[in-house]
Each structure stands twice: as structure tokens, then as C-alpha cells.
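So you can see what is in the structure, the chains are spelled out below.
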Amino acid sequence: MQNILLLTDFSESSKNAINYTLQLLQSKTIQFHLVYVHKASAFTSADLMTTGNANLYASIVKSPKEDLEDLAAALHLKYKNDRHTFLTHIDYDVFTDAVNQIITQNAIDLVVMGTNGVTGADEVVFGSHTLHVIRNVSCPTLIIPKHFKFSKPETVLIPLDEKDVLNKKRLQQVTNLVDKHTSKYDILRITETATSDQEDLKLLNKLLQSNNFIYHQVVSVPMHHVVDTYLQTNPIDFEVFIIQKTSFLERLFKGSPITKHSKIASVPLFVLHD
């Protein structure tokens, strides 16, 4: 049975990500961990001194706990899926520290979170919590844009640079989320110079059906141009990125303003770590 961590702050964005995931994985047996990380900074020393013990307990512990339990009950009632069970967790640590602790303690296989995406005038593709998870949490992460409504992923984009290794484990991580047989996979190998594609094709032909993937090698074009152009000209509804120890954002956006990449934050993004 898989263990999946669902991050929530009770916003519409986080609830949308949870609903997307429960529909995406409706046929799998999963224990979902609903997690709320309380902001320690929300309470000043003055608050602690002037608030009664009962009120303080209600604000810090009781209210979020009840909200999480209500959310779990609502999800169980809405989907009536006996394959899915729900546990609730509240933490008061630094956000990514709390997430990493829960991942370790509960053998989490996947982290799910929502993001508000591009905000227009603000040059923000991903929210701050999303960025912190991408940078500091090594568990596979599924990021769902705000307002993105569920539809079964039909076309999956997997961009790879010269250092990204395509192997059986990574493809299986993708096919655990999206259908191996009915989804179509668009694989882009982006290199500075022309290289052999035989290893990639050998693996793809072994693990996927030849009629449900296409493979392109793109030479001497920056990754952000390739990805953004491809997203604008092809009906992609799910993306996969492999993060190396070098900065994911530097590799993706180097040399170009982030606001040019709003399409990247417009469909679900599955982040894998090297």
C-alpha cells in the first residue's frame, strides 16, 4: 500500500490538489496523510501572554485538528472509496522540516500540494512553499495548479537534458501515476550537441508500447525555450521534471524571465529527484 502526503492549508488551491489526486489514483490502495503545518510566527509573545490557556489551545491545536478531521470525513463521504484511508497530522516546525519528518516517520511515497501559479504582475511561477518543497524535500512531489480540474492525463511531457538519466525506476514512478497503456508520452532529450539516442529508445521500447510515445532530440536550444514552446504548441496535460543537485530553477529558467513560463505552471507537474 502506498503512503501519500497531502499538504493542506485549507485553501481552495490545496483542496483542489487533494481532489485531483484522489481522482487520479482512485483505483489504487492508498493511505493518505492529510498534513497541516501551523505557522509558529502566527503567535507573538504578546499573544501567548494575553490569551487564556483554553483559547490558546483552541487556536493552535483544537481548531486545525477539527478542520483536518472534517476534511478527511468529507473526502471519505464524497468519494466512498474503500481503497483509500485517511490519517491526519498537525506540525509546528519549520515547513520543510515538518514535511521531511512526516515523510521519514510514515514511509511517504509521494507529496502532493497545490500552487497558485503565476500571479500576473508578480514574477512568481510557484509559491514560496512549493519552491521550498522542490528545493528541500527529496520525495517525489506532485504539484497541482490552482483551478486545474481533473481529467485523465492523456499526454505526458518528459523533458530531459544531457545529465538526466532515463531509467526503469523513473519511468515506473511516472506510470504509477498515469496510465502506462492509454497515456501518450512525449520525451524531449535536450542536448548541446548531437548525441546517440539508442539507449533512450531501447529503454522506451522495452517499457512502453511503441505507439504511445514519441521521442525528439533537440540540439543547442535552451531548455526553457524548448519546454515553453512545446507546451504552447502541443496538448500537454501532465509534466515530469527530474531535479539534479544543481538548481532546478536555474536549469529551467536560466537566461529568461520567469514570467515567460506561465505555461509551466498551468498543468500538473511531477517532480523527481536525482
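The notes below deal with the structure included here. None of the values given here were measured: they were computed from a predicted structure.

What follows deals with empty space enclosed by the protein. What the rule picks out here adds up to one cavity of 30 Å³ or more. Looking at the largest cavity, its volume works out to about 30 Å³. Looking at the largest cavity, the residues that line it are Ile158, Leu166, Arg170, Leu171, Val174, Val240, Ile242 and Leu272. Broken down by element, the lining of the largest cavity gets its largest block of residues, three residues, from helix α6 (residues 168–175).

Turning next to the packing of helix α4 (residues 95–106) against helix α5 (residues 128–136). In contact at an axis separation of 10 Å, α4 and α5 are set at 50 degrees when each is read in the N-to-C sense. In terms of orientation, α4 and α5 fall into the oblique class. Like other packed secondary-structure pairs, α4 and α5 cross with a definite hand, here right-handed. Every residue of α5 that contacts α4 at Phe95, Thr96 and Asn100 is listed here: His129, His132, Val133 and Asn136. Partitioning the contact of α4 with α5 into residue classes produces two nonpolar, five polar and no charged.

A few words now on the packing of aromatic side chains. Two measures describe an aromatic ring pair: the distance that separates the ring centres and the angle between the ring planes. For the structure shown, the criterion picks out four aromatic pairs. An angle of 70 degrees between the planes, with centres 5.3 Å apart, marks the rings of Tyr20 and Phe150 as edge-to-face. Linking Tyr20 in helix α1 (residues 12–24) with Phe150 in the loop between β5 (141–145) and β6 (155–160), this pair joins segments that are 130 residues apart in sequence. Using a relative accessible area of 1% as the deciding quantity, one classes Tyr20 as buried.

We now examine a positive patch on the surface. Together, Lys168, Lys180, Lys202 and Lys206 line one region of the surface with positive charge. Summarising the element assignment, Lys202 is placed in helix α7 (residues 198–207). A residue is classified by how much of its surface remains accessible, and Lys202, at 62% relative accessible area, is exposed.

Take the pattern of salt bridges next. Counted under the stated rule, the structure contains four salt bridges. Here Arg189 and Asp200 are joined by a salt bridge, their closest N and O atoms 3.0 Å apart. Residue Arg189 is found in strand β7 (residues 184–191), and its partner Asp200 is found in helix α7; the two are separated by eleven residues along the sequence. Note on accessibility: Arg189 and Asp200 belong to one class, buried.

Calculation rules
Residues numbered from 1 in each chain as written. Predicted model: local features only at pLDDT ≥ 70, side-chain atom pairs only at ≥ 80, totals over all residues. Heavy atoms only, no water. 1 Å grid on protein atoms, 1.4 Å probe; cavity = no way out; pocket = protein on both sides within 12 Å on 5 of 7 lines; lining within 4 Å. Points joined across faces, edges and corners; volume = space filled by probe spheres on them. Helix = DSSP H or I, 4+ residues; strand = E, 2+ residues; numbered from the N terminus. Axes fitted to C-alpha atoms, helices over the stretch in contact; angles between N-to-C directions. Parallel < 35°, antiparallel > 145°, perpendicular 65-115°, else oblique. Left-handed = near helix turned anticlockwise from the far one by under 90°. Contact = heavy atoms within 4.5 Å. Nonpolar A, V, L, I, M, F, W, Y, C, P; charged D, E, K, R; others polar. Phe/Tyr/Trp six-rings, centres within 6.5 Å; stacked < 30°, edge-to-face > 60°. Buried < 20%, exposed > 50% of the residue type's maximum accessible area, 1.4 Å probe, protein only. Patch = residues over 30% accessible without salt bridge, like charges linked within 9 Å, V, L, I, M, F, W, Y side chains within 5 Å. Areas by Shrake-Rupley, 256 points an atom, 1.4 Å probe, with all protein chains shown as cover. Salt bridge = Lys/Arg side-chain N within 4 Å of Asp/Glu carboxyl O. Lys, Arg positive; Asp, Glu negative; His and termini not counted. Charge placed at Lys NZ, Arg CZ, Asp CG, Glu CD.

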